[in-house]
Amino acid sequence: MDVIDQLLSAATPVDGVDADGSTVLHEAAYSGRADSVRHLLAHGADPGRRDTRFGGTPLGWCRHRRHETGPVNGHGYGEQLLAQRAPTGIPWPQNIVALSGGIVRHVVGRFMRIDHRDSPAEGPRDSSVTDGPAVRRVAELYAQGVERQEWLNKPGYKLEHGMAFVFGLVGARARPLQDLLHGVWLGHPLHPVITDIPVGAWTAALVLDTVDMIAPRPAGFRQAAQMSVGLGVVGGIGGALTGLTDWQHTHDDARRAGMLHGALNAVALSLYGLSWRDRRRGRHVRARITSTLGYGLTIASSYLGGRLVFRHRVGVDHVDGRLTPREFVPVLTETELAEDSPTAVDCSGVPVVLIRHEGRISAFGGQCPHLGAPMAEGWLHRDQFVCPWHGSRFDLQTGAATSGPATSPLSSFQTRLRDGQIEIRRIPPAQLATTGQTAITEGAQRHES
Ligand code: FES
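Just so it is clear, the structure is predicted and the values come from calculations on it, not from any experiment.

1. With respect to the overall build of the chain
Counting its secondary structure elements, the chain contains 15 helices and ten strands. Classification of the 449 residues of the chain by burial places 34% in the buried group. Considering only contacts in the chain between residues 6 or more positions apart, those separated by 24 or more positions represent 62%.

The following block contains the structure:
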């Protein structure tokens, strides 16, 4: 109580709140400090004040803890004091609003599990959800909230197994089909290319609808909007197929974000499908409502799609982009490299894999461009180098991806033999693009001859 008196004499408000919106009276009641409760009430503390996190009054906090600890520890007396002072009747609308607010805050708090740690002893807090512009914080809360829903893992695995079953039905054509959908033939993931079609077409439809609503135009406007919606639906189906094919290899947070990304897109696609049908039947008001809803979902989903690429690096090239070493350096004695056995070496901090196949020595970067798997754990299959994680295959001559999910090539090095040593140097990507050359140079040829 001395502490309370000191704080009050220092002009600390008796109903000052902490980060959870609770007052010192809440804390005193929760701890069963009946003397402190009486003292605070005598100094005007509000017994009816609700904290902002759970929406509870000091009396509720006291009863909650009393339930746990029994009538001892002053909770019984504190409860009496608070029950006498607590407002007997909050008007029911306020009660309902306060209760609803408490429930919403509680549910949102559990959903987000927002990190409010401030103490250095507890480690750094996640400032992305507490600092910065409101737009960024809301976006971060949204994305993190999705990524933390671990209950999505189970349906995610079921979906993946379902996809494996469907691709299994296709038989020997499954791999070429998946390569087509991944974009191996394009040397770039196909999904982001295709998704531009629905986003662009549906944006055009939204603009046409809006202009027509503000000032009615000729019928051609509505037909153009209908065509844009239909084009977007076709592109959306392509986006769904390519996105699902790429998603099946993701993990953890990216996997969960990808699931919601796909689910939102599926709902948006359905809404646009309905909108297109309504437009054909002349129900333009309903068609515009459903397409506007679909557009909102598409934007929410697009944010997650961007996060998958820029935060989780799904679809980006994972190879080590360093251009070192620029000059030949020895990395292994020739006798240590066995035939058809990928061998990891470290070249000034750059992980490299050496392969001897049919007398020819190749050197590639140690990371798979798809998701960064350690290629030293891969193996050879029919003159191709296979990634150990998801089975991408790479040409042994050039490092180019011949089968997905990887769409980019392995980073490549030139090799030569000097005095029984295997030496390598990085091939600049521009040179690789023009010559496609990676393998043995003069030293090795001399050695072979
Ligand atoms: S990490 Fe996925 S194929 Fe290599």
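2. Examining the nonpolar core
Core analysis: the biggest nonpolar cluster contains 28 residues, and Val352, Leu354, Met375 and Ile424 have the highest contact counts within it. Mapped onto this core, the elements with two or more residues apiece are strand S3 (350-357), strand S4 (360-365), strand S9 (412-418) and strand S10 (421-426). Broken down by element, the residue count for this core peaks at five residues, all from S3. Apart from residues no more than four positions distant in its own chain, isoleucine 424 is found in contact with Phe328, Val329, Val331, Cys347, Val352, Ala363, Phe413, Gln414 and Thr415. Counting residues in hydrophobic clusters, the runner-up holds 15 residues, among them Val24, Ala28, Leu40 and Trp61.

3. A word on the environment of valine 211
Among the structural elements, valine 211 can be located in helix H10 (residues 191-214). The partly exposed category is assigned to valine 211, around which 13 C-beta atoms lie within 10 Å. It is 8.9 Å that separates the C-alpha atoms of valine 211 and phenylalanine 221, two residues lying ten residues apart in sequence.

4. Some details on the sheet that holds S3
Spatially, S1-S10-S9-S4-S3-S2 is the arrangement adopted by the six strands of the open sheet, whose pairing is antiparallel. The open sheet has two free edges, formed respectively by strand S1 (329-333) and strand S2 (343-347), since each of these has just one partner strand. Pairwise comparison of adjacent strand axes, ignoring direction, gives a mean angle of 35 degrees for this sheet. Where S3 and S4 come together, six bridges link them in antiparallel fashion. Within S4, the residue paired with arginine 356 across the bridge is isoleucine 361.

5. Re helix H8 (residues 153-170)
With 18 residues, H8 ought to run about 26 Å at 1.5 Å a step, and its terminal C-alpha atoms sit 26 Å apart, in line with that. When you tally the buried positions in H8, you get zero out of 18 residues, a small fraction of the element. Within two residues after H8, glycine 171 carries a phi angle of roughly 75 degrees, on the positive side.

6. Overview of the packing of helix H9 (residues 174-182) against helix H11 (residues 219-247)
It is at 8 Å that the axes of H9 and H11 come closest, and there the two elements cross at 105 degrees. In terms of axis orientation, H9 runs roughly perpendicular to H11. Across from Gln178, Leu181 and His182 in H9, the residues of H11 making contact are Leu241, Thr242, Thr245 and Asp246. Looking at side-chain class alone, the contact of H9 with H11 contains two nonpolar, four polar and one charged residues.

7. A short note on the pairing of S2
Pairing of S2 with S3, which is carried by five bridges, proceeds in the antiparallel orientation. For cysteine 347, the partnering residue across the bridge sits in S3 and is valine 350. Turn length for the S2-S3 hairpin, with the two strands adjacent in sequence and antiparallel, is two residues, and the turn residue serine 348 shows positive phi of about 50 degrees.

8. Re helix H13 (residues 284-310)
Taking 1.5 Å of rise per residue, 27 residues should cover 39 Å, and H13 covers 38 Å from first to last C-alpha, within 8% of that figure. Within H13, the full set of buried residues consists of Ala287, Arg288, Thr290, Ser291, Gly294, Tyr295, Thr298, Ser301, Leu304, Gly305, Arg307 and Leu308. Turning to H13, the residues buried within the fold contact helix H7 (134-147), H10, H11 and helix H12 (252-280).

9. Remarks on the sheet that holds strand S6 (residues 384-386)
If you trace the four strands from one edge of the open sheet to the other, you get S5-S6-S7-S8, paired in antiparallel fashion. Strand pairing shows two members of the sheet lacking a second neighbour, strand S5 (379-381) and strand S8 (401-403), which therefore form its edges. Strand-to-strand, the axes of this sheet are offset by a mean angle of 40 degrees, without reference to chain direction. Examined bridge by bridge, S5 and S6 share three bridges and lie antiparallel to one another. The residue bridging histidine 381 from the neighbouring strand is glutamine 384, located in S6.

10. With respect to the environment of glycine 16
Looking at where glycine 16 falls in the secondary structure, it is placed in the loop between helix H1 (2-9) and helix H2 (24-31). Look at glycine 16 and you get exposed, because 9 C-beta atoms sit within 10 Å. Residues glycine 16 and alanine 45, 29 residues apart in the sequence, show an inter-C-alpha distance of 9.5 Å.

11. Re unusual backbone geometry
Note on backbone geometry: most residues besides glycine have negative phi, and most peptide bonds are trans. For the bond from glycine 404 to proline 405, the omega torsion is 15 degrees, close enough to zero to count as cis. Mapped onto the elements, proline 405 comes out in the loop between S8 and S9. The phi dihedral of arginine 313 falls on the positive side, at around 60 degrees, and the residue is not glycine. With respect to the helices and strands, the residue arginine 313 is situated in the loop between H13 and S1.

12. With respect to the pairing of S10
Sheet topology places S1 next to S10; four bridges connect them, and they run antiparallel. Its bridge partner lying in S10, valine 329 is registered against isoleucine 424. Two elements, S9 and S10, share six bridges in a ladder whose sense is antiparallel. Residue pairing in the sheet places phenylalanine 413 in a bridge with arginine 426 of S10. Counting the residues that bridge the hairpin from S9 to S10 gives two residues, and of these aspartate 419 lies at a positive phi of roughly 55 degrees.

13. Regarding the confidence of the model for the chain
On average, the chain scores 82 in pLDDT, and the residues at 70 or more come to 82%. Low pLDDT, under 50, characterises residues 114-125; the stretch is placed with twelve contacts to residues that sit more than four places away or in other chains. Note that pLDDT drops below 50 for residues 434-449; the model gives that stretch 33 contacts with residues more than four away or on any other chain.

Conventions we followed
Residues numbered from 1 in each chain as written. Predicted model: local features only at pLDDT ≥ 70, side-chain atom pairs only at ≥ 80, totals over all residues. Helix = DSSP H or I, 4+ residues; strand = E, 2+ residues; numbered from the N terminus. Buried ≥ 20, exposed ≤ 12 C-beta atoms within 10 Å, placed from the backbone. Contact = placed C-beta atoms within 7 Å. Core = buried A, V, L, I, M, F, W, Y, C linked by C-beta atoms within 7 Å. Pairing = 2+ DSSP bridges. Axes fitted to C-alpha atoms, helices over the stretch in contact; angles between N-to-C directions. Expected span 1.5 Å × (residues − 1). Parallel < 35°, antiparallel > 145°, perpendicular 65-115°, else oblique. Nonpolar A, V, L, I, M, F, W, Y, C, P; charged D, E, K, R; others polar. pLDDT = per-residue confidence, 0-100.

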